[in-house]
Amino acid sequence: MTGHTTDETDDAVQRDVERTASSDDERSAATDGGVESASGGAPAAELDPDAYDPVDVFPGGDLDLREGADSCYKCTSCDTSCPVAEVDDEFPGPKFQGPEQWRLKRKEDHDIDESITSCSNCMRCDEACPSSVPLSQMHNEARGQFVEEQMEKLSVEYIRNRILANYRTSARLASLTPRLATVAMNFGPIRVAMDKLLGIPSERDFPEFATTTFREWWRDRGGAKVTNPEKRVAYFHGCYSNYNTPEVGKAMVRVYEHFGYEVLVPKQGCSGTPMFANGMLKDARRHAETNVEHLVEAIDDGADVIASCTSCSLSLRQEYPELFDIHGIDDLAEHTFEALEYLRIHEDLRGALEDASLDANQSFAYHAPCHARNQGLERQAVETFRDVDGVTMEDVGDSCSGISGTYGWKSEKYEKSMQIGDDMFDHMEDAEGDVGMTECPTCAMQMEHGTGYEIRHPLQLLEEALDA
Amino acid sequence: MAIDSDVLVVGGGLAGITAAISAAREGAHVRLVSHKASTLAQASGLIDALGYVPPTEPSKPLREGPPTAGRNLDRDEWPDPDGPLADPYDAIASLPADHPYRLVGGDALREGLALFDELTGAAYHGGHTDQNALVPTFGGSLKPTARYPTSAKAGLASDDRSTLIVGFRSLTEYDARALAGRLDAGGVPFEVAGAEVEFAEAFRADTKITRIAKALDRDEQIEGTPAREALAAAVKPHLTDAIDQGDVGRVDRVGFPAFLGDDESTAVRAELADRLGAAVFEIPMGPPSLPGLRLEDLLYDALADAGVSFETGMPVVGYETDEDGSIDHLLIDRKGTEVPYGAESIVLATGGLVGKGLDSDREGVTEPVLDLHVPQPSERYEWFVDDAYGEQPYARFGVAADERLRPLDQDGEVSHDNVRVAGAVLGGADVAREKSASGVSLATGLVAGREAAMEV
């Protein structure tokens, strides 16, 4: 009986894969060679190609990552920043996964080392590297190639990863019957079976599905309450704010309307973050095409794009132009911001919060997501709220929460995920408040899982403080 | 609209942090931006001030013509540097006139170190005296240093207790026996022996020191034994074994590579000392460096406590000047979007050639953020001399500044009134040979921050 079920799942996924492959111009490579934008962090102007005659010793490859590989001087700052290398004896670290592996596979040795699948895609190495080596881009490319060319498509691991990566698909189905889905997904025997059959750890609780999604609320509300061609933003709510925490999306809308913005909510898919982390680049590209098309349309109407999830904003800003060559993708990257970041740039948030006060004193244990760090946002919540009457905001340190999106949702990674999270759990317990705060939905899951705290998003507190 | 602050500090290393806290203490609203995570993670964690005064004149006139990269038999000859110095302050007067210490004076160094002492508290030692301490490095030399982490305290060379240095085969850059041999050959006043012990072999061959530190922090099970106990058990036989190698009885202290825990390092050292019945110390290593990482944590906490706003991960890509040449705002690249950051004054603390605060190619050496003038010989062959350890002109390249640390143009005039320059981006010091990198950052950071706050 169980075997039969698995086969059906296999078939379904396989059909999906075939459909995807054929709809993707039969590309044999995992990535499509965004050569123009593949120079990573270092602007081309920094290296003057006229000053030397490079010998092309590493021909081929879909993305030109040579400049990045050459910039590595082996200081190992990336390895030191890696939360996985700190707990996983099997993981050789980002320096190997990035520049070293890239060189190795230029020549005869084409296979990608399987350990690439242990990288959690936290992208801390990008920020750690003093030489702007595009480490996460190299990891994404290698992981994509591994999954595409070396991973058994009928394996339980592949199927499980595909399901995790395509969270939006599961969430959309679950949202049709949210109460039933929440109960069913957390029903003991089902979870034991999922652990055994798919490798999804039974220790974790699935997030609750909202009875009304954000988009349903937006539709019922009649859309935007403010019209303002001068100040317009397009909200990229992502999957989680739509299906699981619409209160974050509602807070975004109310706060932005408070500041006089017209909010647009364009059609959108998944940002791609969980797909990159699982090497499912074709899935990511399919969603990226939808996102670029509709968000660029909004940009043409004068809007900037705002995300409330820091992984979504990072994906649109960094991974999109690094991995895909889609018309308009650079415009999208340039016009995308995180919600609080945008207000800090364009509004006098300090002034607006000067007279704000909350009904009762509230203390928060704030965790900065890794993907927020990469955008320079690691201090924004603390700095925005530290002068607000009645708010105590404590930073619980610079460690990774350990869940890294789908990483902690794999049975074989669960223990490692919790070991990485240990420091954060300890610091949360030490903090004065017993409510957690973070911008990232999966960090929030981990924070709640490790401490039992309620976790909120900075936008929700901003909404309350502004009485928006 | 711009992101505005009173003082905007560019650079997240020791100089930038010092400048930011120094400005904040003057009441300014300070923001610090840094292109990447702090390079303190690569620093040894030792705080040097001035260990040597290298000669700037060769023993005999240099051969005419361009250097030959050592292919010429007619070698440069340079006198030995003056040092190791007991007192850094005494020697400041003998440094070149454009040295940062000569610009800001010995008092600035004293104040910078005092600020550092205050920020680091019990985590650092050395503040009780003006004298340098001699701390063993992982290369087996002794480094004259003004402040050292508490974890290195029991290892000072002035201490005559017998010493065992332990190493691990998987840490290839750290050879305990060679290290002990070099210390011995250097004439340290104590018995010393080195031994390679079996412990790190439990981890993968190319394991990261952060992995070992984490295992000790958490006291993880290593093949069934808690990590700290396992490490002590691995070292214990060598406390007396070392007799054969170094004529030492049961040693009084044991030196480890600097990987004894991260967050829990004090507890890890205490437990090891207890189990071994000997004092325990760490020998600072090259990058990646746990003492550097711990210092980074301490100082970034201090930044937050001082009310400084900071953000990392974004480079400065441009600037706009007012009519009088002062900087109105910087343009920061926030993941593809240029955002103006306005400030009354700017502190540039972006580092030197290694830290990428200075850039160089065949055409010249430039300061890439504000295009400040970097004095240099126009002839590239005059940037360096044959002897790698000689007086290399390039080592002193950097922005020239007045005593208020305002940048100077090619005519020696202040180029931007509201800019202050601090740390390795300043010219005039050869910090690697002088052992002065931290002191220069602290002294100039302190003055630059205070000066910048006065512009507000």
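Note that this is a predicted model, so its numbers are computed, not measured.

**Observations concerning the overall build of chain B**
No. 1: Each helix and strand counted, chain B has twelve helices and 19 strands in total.
No. 2: Rg of the C-alpha trace for chain B: 23 Å, near the compact-globule value of 23 Å for 456 residues, within the 12% margin.
No. 3: Dimensions of chain B, computed from the C-alpha atoms along their principal axes, are close to 75 × 55 × 40 Å.
No. 4: With 456 residues in all, chain B has 55% of them scored as buried.
No. 5: Pairs at least 24 residues apart make up 72% of the contacts formed inside chain B by residues separated by at least 6 positions.

**Notes on the domain arrangement of chain A**
Residue and element names in this part refer to chain A.
No. 1: Domain annotation for chain A reports domain 1 (61–150), domain 2 (214–346) and domain 3 (357–466).
No. 2: Look at where the C-alpha atoms of domain 2 and domain 3 centre, and you get two points 22 Å apart.
No. 3: Opposite the 25 residues of domain 2 that make contact, domain 3 presents 22 residues.
No. 4: For the side of domain 2 that touches domain 3, the element with the most residues is helix α13 (residues 246–258), which contributes seven residues.

**Here's the deal with unusual backbone geometry**
Residue and element names in this part refer to chain B.
No. 1: Omega for the bond connecting G83 with P84 falls within 30 degrees of zero, at 5 degrees, which places this linkage in the cis form.
No. 2: Within the secondary structure, P84 is located in the loop between β2 (30–34) and α2 (88–91).
No. 3: A cis amide bond, omega 0 degrees, links P287 with the succeeding residue P288.
No. 4: The topology assignment puts P288 in the loop between β12 (279–283) and α10 (290–305).

**Considerations on the packing of helix α4 (residues 94–104) of chain A against helix α6 (residues 135–150) of chain A**
Residues and elements named next belong to chain A.
No. 1: Between α4 and α6, the least distance of the axes is 9 Å, while the angle of their chain directions is 75 degrees. In this view, α4 runs roughly perpendicular relative to α6, as classed from their interaxial angle. Counting all contacts with α4, which are made through P94, Q97, G98, P99, Q101 and W102, the residues of α6 involved are L135, M138, H139 and A142.
No. 2: Among the residues making up the contact of α4 with α6, the classes are represented as six nonpolar, four polar and no charged.

**Digging into the packing of α13 of chain A against helix α24 (residues 458–466) of chain A**
Residues and elements named next belong to chain A.
No. 1: Contact geometry for α13 and α24: axes closest at 8 Å, N-to-C directions at 45 degrees. Judged by the inter-axis angle, α13 sits oblique to α24. Taken as a pair, α13 and α24 cross one another with a handedness that is left-handed. Residues E247, V248, A251, M252, R254, V255 and H258 of α13 touch α24, and the partners they reach there are L459, Q460, L462, E463 and L466.
No. 2: Its residues placed into classes, the contact of α13 with α24 shows seven nonpolar, two polar and three charged.

**Overview of helix α7 (residues 227–235) of chain B**
No. 1: Of all the nine residues making up α7 of chain B, seven are buried; the element is thus mostly covered by neighbouring parts of the structure.
No. 2: Within the span of α7 of chain B, buried status applies to A227, R228, A230, L231, A232, A234 and V235 of chain B.

**Looking at the nonpolar core**
No. 1: Among the nonpolar cores identified, the biggest contains 166 residues, and A20 and V347 of chain B are the most heavily contacted of them.
No. 2: It is helix α12 (residues 437–454) of chain B that contributes the most residues to this core, nine residues altogether.
No. 3: A20 of chain B has contacts with V9, V30, L32, L303, V308 and G449 of chain B, leaving out every residue within four places of it along the chain.
No. 4: In this structure, Y235, V255, C270 and M275 of chain A belong to the second largest nonpolar core, which totals 90 residues.

**What to know about α10 of chain B**
Residues and elements named next belong to chain B.
No. 1: The end-to-end C-alpha distance of α10 is 23 Å, a good match for the 22 Å that 16 residues give at a rise of 1.5 Å each.
No. 2: Every buried residue of α10 is accounted for by L290, P291, G292, L293, R294, L295, E296, L299, Y300, A302 and L303.
No. 3: Just downstream of α10 lies G307, where phi reads positive at about 80 degrees.

**Side note on the interface of chain A and chain B**
No. 1: Facing 34 residues of chain A, the contacting portion of chain B comprises 34 residues.
No. 2: Here the side of chain A that touches chain B gets four residues from one element, more than from any other, and that element is helix α3 (residues 77–81) of chain A.
No. 3: Within the side of chain A that touches chain B, the residues separate by chemical class into ten nonpolar, ten polar and 14 charged.

**Some details on the environment of E26 of chain B**
All names here are of chain B.
No. 1: Tracing the sequence through the fold places E26 in the loop between α1 (14–25) and β2.
No. 2: For E26, a count of 16 C-beta atoms within 10 Å corresponds to the partly exposed category.
No. 3: Along the backbone, E26 and Y52 are 26 residues apart, and their C-alpha atoms lie at a distance of 33 Å.
No. 4: Not counting chain neighbours up to four residues away, the residues in contact with E26 comprise R450 and A453.

**Considerations on the environment of G45 of chain B**
All names here are of chain B.
No. 1: Structurally, the position occupied by G45 is in the loop between β2 and α2.
No. 2: Counting along the chain gives 355 residues from G45 to A400, while the straight-line C-alpha distance between them is 27 Å.
No. 3: Contact partners of G45, with chain neighbours within four places excluded, come to P149, P284, S289, P291, G292, R294 and L295.

**Re the confidence of the model for chain B**
Low pLDDT marks stretches whose predicted atomic positions should not be read closely.
No. 1: Of all residues in chain B, 95% attain a pLDDT of 70 or more, and the chain-wide mean is 92.
No. 2: Here the predicted complex scores 0.90 on pTM and 0.89 on ipTM.

**Observations concerning the pairing of strand β1 (residues 3–10) of chain B**
Residue and element names in this part refer to chain B.
No. 1: Among the eight residues that make up β1, seven are buried, leaving the element largely enclosed by the rest of the structure.
No. 2: Bridge analysis of β1 against strand β16 (residues 337–348) gives seven bridges, and the strand direction is parallel. Counterpart to S5 in the pairing with β16 is A343.
No. 3: As defined by bridge partners, β1 adjoins β2 across four bridges and the pair is classed as parallel. Bridging from a neighbouring strand, V10 pairs with V33 of β2.
No. 4: Crossover β1 to β2 through α1 is right-handed.

**A closer look at the domain arrangement of chain B**
All names here are of chain B.
No. 1: Looking at the assigned domains, one finds that chain B contains domain 1 (3–119 + 294–454) and domain 2 (138–283).
No. 2: Centre-to-centre, using C-alpha coordinates, domain 1 lies 34 Å away from domain 2.
No. 3: Counting residues at the interface gives 15 residues for domain 1 and nine residues for domain 2.
No. 4: Of the residues in the side of domain 1 that touches domain 2, the class split is eight nonpolar, four polar and three charged.

**A short note on the sheet that holds strand β7 (residues 163–167) of chain B**
Residue and element names in this part refer to chain B.
No. 1: Read across the sheet, four strands follow the order β8-β7-β11-β12 without closing on themselves; strand pairing throughout is parallel. Pairing within the sheet leaves two strands with one partner each, and these edge strands are β8 (192–196) and β12. Averaged over all adjacent pairs, the angle separating strand axes in this sheet is 25 degrees, with direction ignored.
No. 2: For β7 and β8, the ladder comprises five bridges, and the chain directions are parallel.

**A few points about the sheet that holds strand β3 (residues 303–307) of chain A**
Residue and element names in this part refer to chain A.
No. 1: The four strands are arranged β2-β1-β3-β4 in an open sheet whose pairing can be described as parallel. Looking at the sheet topology across the chains shown, the edges are occupied by β2 (262–264) and β4 (336–338). Strand-to-strand, the axes of this sheet are offset by a mean angle of 35 degrees, without reference to chain direction.
No. 2: Bridge analysis of strand β1 (residues 232–236) against β2 gives three bridges, and the strand direction is parallel. Across the sheet, V233 pairs through a bridge with V263, a residue of β2.
No. 3: Against the sheet, helix α15 (residues 281–300) contacts β1, β2 and β3, and its axis sits at roughly 135 degrees relative to β3.
No. 4: Across the sheet, helix α16 (residues 310–323) lies against β1, β3 and β4, angled at about 160 degrees from β4, the strand it touches most.

The rules we used
Residues numbered from 1 in each chain as written. Chains lettered and ligands numbered in written order. Predicted model: local features only at pLDDT ≥ 70, side-chain atom pairs only at ≥ 80, totals over all residues. Helix = DSSP H or I, 4+ residues; strand = E, 2+ residues; numbered from the N terminus. Rg over C-alpha atoms; globule rule 2.2 N^0.38 Å. Buried ≥ 20, exposed ≤ 12 C-beta atoms within 10 Å, placed from the backbone. Contact = placed C-beta atoms within 7 Å. Domains from an automatic or database assignment. Axes fitted to C-alpha atoms, helices over the stretch in contact; angles between N-to-C directions. Parallel < 35°, antiparallel > 145°, perpendicular 65-115°, else oblique. Nonpolar A, V, L, I, M, F, W, Y, C, P; charged D, E, K, R; others polar. Left-handed = near helix turned anticlockwise from the far one by under 90°. Core = buried A, V, L, I, M, F, W, Y, C linked by C-beta atoms within 7 Å. Expected span 1.5 Å × (residues − 1). pLDDT = per-residue confidence, 0-100. Pairing = 2+ DSSP bridges. Right-handed = clockwise from strand over helix to strand, strands pointing away.

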